[in-house]
Amino acid sequence: MSGYTWFLTGASRGIGLETTRQLLQSPWHTVFASCRSPSTATDLAALSSSGPGTLHIVQLDVTNEESIKSGAAEVLRLLNGRGLDYVINNAAVNLAPDTAFTFSPEHLTDSIVSNVTGPALVSRYLLPAIERSNRKVIVNMTSTLASISRNCGPKSTSYSISKTALNMLTYKQARERPDFIPLLVDPGWVKTKMGGNGAILEPHVSVKGILNVVTSATLDHAGKFYNYQGKEIPW
Ligand SMILES: NC(=O)c1ccc[n+]([C@@H]2O[C@H](COP(=O)([O-])OP(=O)(O)OC[C@H]3O[C@@H](n4cnc5c(N)ncnc54)[C@H](OP(=O)(O)O)[C@@H]3O)[C@@H](O)[C@H]2O)c1
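The text that follows walks through the structure, step by step, so that each part is easy to find. (Residues numbered from 1 in each chain as written. Predicted model: local features only at pLDDT ≥ 70, side-chain atom pairs only at ≥ 80, totals over all residues. Heavy atoms only, no water.)

1. With respect to the overall build of the protein
Counted only if it meets this: Put simply, DSSP H or I for four residues or longer makes a helix, DSSP E for two residues or longer makes a strand, and each gets a number counted from the N terminus. All radius of gyration figures rest on C-alpha atoms, and the globule criterion is 2.2 Å times the number of residues raised to 0.38. Burial classes: relative accessible area under 20% of the type maximum marks a residue as buried, over 50% as exposed, and values in between as partly exposed (1.4 Å probe, protein chains only).
Across its full length, the protein holds seven helices and seven strands. Each helix and strand of the protein, ordered N terminal to C terminal, gives the series β-α-β-α-β-α-β-α-α-β-α-β-α-β. Since a compact globule built from 235 residues should have a radius of gyration of about 18 Å, the 17 Å found for the protein is in line with a globular shape. For the protein, buried positions account for 51% of its 235 residues.

This is the structure we're talking about:
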């Protein structure tokens, strides 16, 4: 293996699928694309022969610690002692357009499990491979809805709380490991199942921007919050 190694969650569709597609356009990329159900991830499987990059599809459900542990172990095995250059915690759920006085406790808990605990455990179990890399970039996919300064209003309370917590996790990762580049990226409002048809951006535009931001990230970006164009977003 030469070039760069990448791992991402939620590669079955949306931004994760498009990220995998764009990465495979370079022969220098080895991509460990994870999804919770490889047998039904037909669009991802179709990328196997798209090359010239190398694709490994890995089963990983971010709500299940055992699945994260075994998915990470599989990646470490395939890396065979090599470092993991980029980890993209992309998988997430937005379960309801709930509000602070109408939310269901189950939705809030499930949002935290998928959008915070999952990404935290993914990075923790992949730590030995990240430590062996010269890049050590962890990309936690967040949302402008996580920004209190942006004053986004009452909707999507559980999702927003979970993404604000993910922001804090990223800050903590950066403080604990000053040799790592953990950063937050908001993809913009993108036409995916989560973003809906009314969204503004095509996935390929958002992902091109995200990949520019993360491949040029330095230690100065660690623990900070950016949009897909590389502009810093206020907390
Ligand atoms: N689209 C937007 O406008 C927008 C805006 C701001 C932030 N974001 C963020 O961007 C990221 C990608 O969003 P998207 O728009 O591509 O969403 P999406 O179209 O809904 O895709 C979500 C992906 O996450 C996966 N996923 C969900 N739960 C999972 C689990 N338990 N284990 C593993 N994978 C799981 C889904 O897999 P399955 O196919 O198995 O369900 C799917 O691949 C998310 O972090 C999201 O919060 C998106």
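What follows continues from the structure just given.
2. Some points on the packing of aromatic side chains
Worth spelling out the cut-off: In this analysis, rings of Phe, Tyr and Trp, with Trp reduced to its six-membered ring, are considered paired at centre separations within 6.5 Å, and the interplanar angle assigns stacked below 30 degrees, edge-to-face beyond 60, and tilted for intermediate values.
For the structure shown, the criterion picks out three aromatic pairs. With 6.1 Å between their ring centres and 65 degrees between their planes, Y4 and Y86 make a pair best called edge-to-face. On the criterion of sequence distance, the pair formed by Y4 in strand β1 (residues 4-8) and Y86 in strand β4 (residues 86-89) is long-range, its members being 82 residues apart. Overall, Y4 belongs to the partly exposed group, its relative accessible area being 39%.

3. Describing the site of the ligand
This is how it is decided: Any residue with a non-hydrogen atom lying within 4 Å of a molecule or strand is treated as near it. In protein, a polar contact means a hydrogen-donor-capable atom and an acceptor-capable atom, both N or O and within 3.5 Å, with residues adjacent in sequence counting only if both atoms are side-chain atoms; elsewhere, any N or O pair within 3.5 Å suffices. Here the nonpolar group is Ala, Val, Leu, Ile, Met, Phe, Trp, Tyr, Cys and Pro; Asp, Glu, Lys and Arg are the charged ones; every other residue, Gly included, is treated as polar.
In the vicinity of the ligand lie 28 residues, with S12, R13, N90, Y159 and T192 positioned nearest. Between an oxygen atom of the ligand and a side-chain N or O atom of S12, the distance comes to 2.6 Å. Contacts to the ligand include V62, whose backbone N or O atom sits 3.0 Å from a nitrogen atom. Secondary-structure elements contributing two or more residues to the shell around the ligand are α1 (14-23) and α6 (157-176). When the residues that make up the shell around the ligand are grouped by side-chain class, the tally is 12 nonpolar, 10 polar and six charged.

4. A word on the side chain of T170
Cut-off, in case you're wondering: Between two residues, a contact is recorded if the distance between any of their heavy atoms is within 4.5 Å.
Relative to the assigned elements, T170 resides in helix α6. Within the local environment of T170, its side chain forms a polar contact with the backbone oxygen of L166, the two atoms lying 2.8 Å apart. Beyond its immediate stretch of four places on either side in the chain, T170 contacts N140, P182, L183, L184 and G223.

5. Describing the packing of α1 against helix α7 (residues 203-215)
Keep this limit in mind: Only the stretch in contact is used when a helix axis is fitted, and all axes are lines through C-alpha atoms; the angle between N-to-C directions ranges over 0 to 180 degrees. By convention the crossing between two helices is left-handed if the near helix lies anticlockwise of the far one by an angle smaller than a right angle, and right-handed if it lies clockwise.
The contact between α1 and α7 brings their axes to 9 Å, and the two run at 65 degrees. Crossing handedness for the pair α1 and α7: right-handed. Of α7, the residues touching α1 (which contributes I15, E18, T19, R21, Q22 and L23) are P203, H204, V207, K208, I210 and L211. Grouping the constituent residues of the contact of α1 with α7 by class yields six nonpolar, three polar and three charged.

6. Quick notes on the environment of T215
Tracing the chain through its elements places T215 in helix α7. Remark: the alpha-carbon pair of T215 and V137, spanning 78 residues in sequence, is separated by 8.6 Å. Aside from chain neighbours lying at most four places away, what touches T215 is W6, Y86 and R135. Within polar-contact distance, the side chain of T215 engages the backbone oxygen of L211 at 2.6 Å.

7. Regarding the packing of helix α3 (residues 65-79) against helix α4 (residues 105-125)
In contact at an axis separation of 9 Å, α3 and α4 are set at 35 degrees when each is read in the N-to-C sense. With respect to the hand of their crossing, α3 and α4 are arranged in right-handed fashion. Of α4, the residues touching α3 (which contributes E65, I68, K69, A72 and L76) are G118, L121, V122, R124 and Y125. Tallied by class, the residues present in the contact of α3 with α4 amount to six nonpolar, one polar and three charged.

8. Notes on the pairing of strand β6 (residues 181-186)
Where a strand is regular, its side chains alternate between the two sheet faces. We apply this condition: Strands qualify as paired when DSSP identifies two bridges or more between them. Crossovers are described as right-handed under a simple rule: with the strands pointing away from the observer, the path leading from the first strand over the helix to the second runs clockwise.
For β6, the tally of buried residues reaches six of six residues, placing the bulk of the element in the interior. Covered by surrounding structure in β6 are I181, L183 and V185 together with P182, L184 and D186, the residues of both alternating faces. The pairing of strand β5 (residues 137-141) with β6 spans five bridges and is parallel. Pairing of M141 across the sheet is with V185, part of β6. Viewed along the sheet, the connection from β5 through α6 into β6 turns out right-handed. By the bridge criterion, three bridges tie β6 to strand β7 (residues 225-227) in an arrangement that is parallel. In the strand pairing of β7, D186 is matched with N227.

So, to be careful, I would describe these as geometric facts and stop short of saying anything about function.
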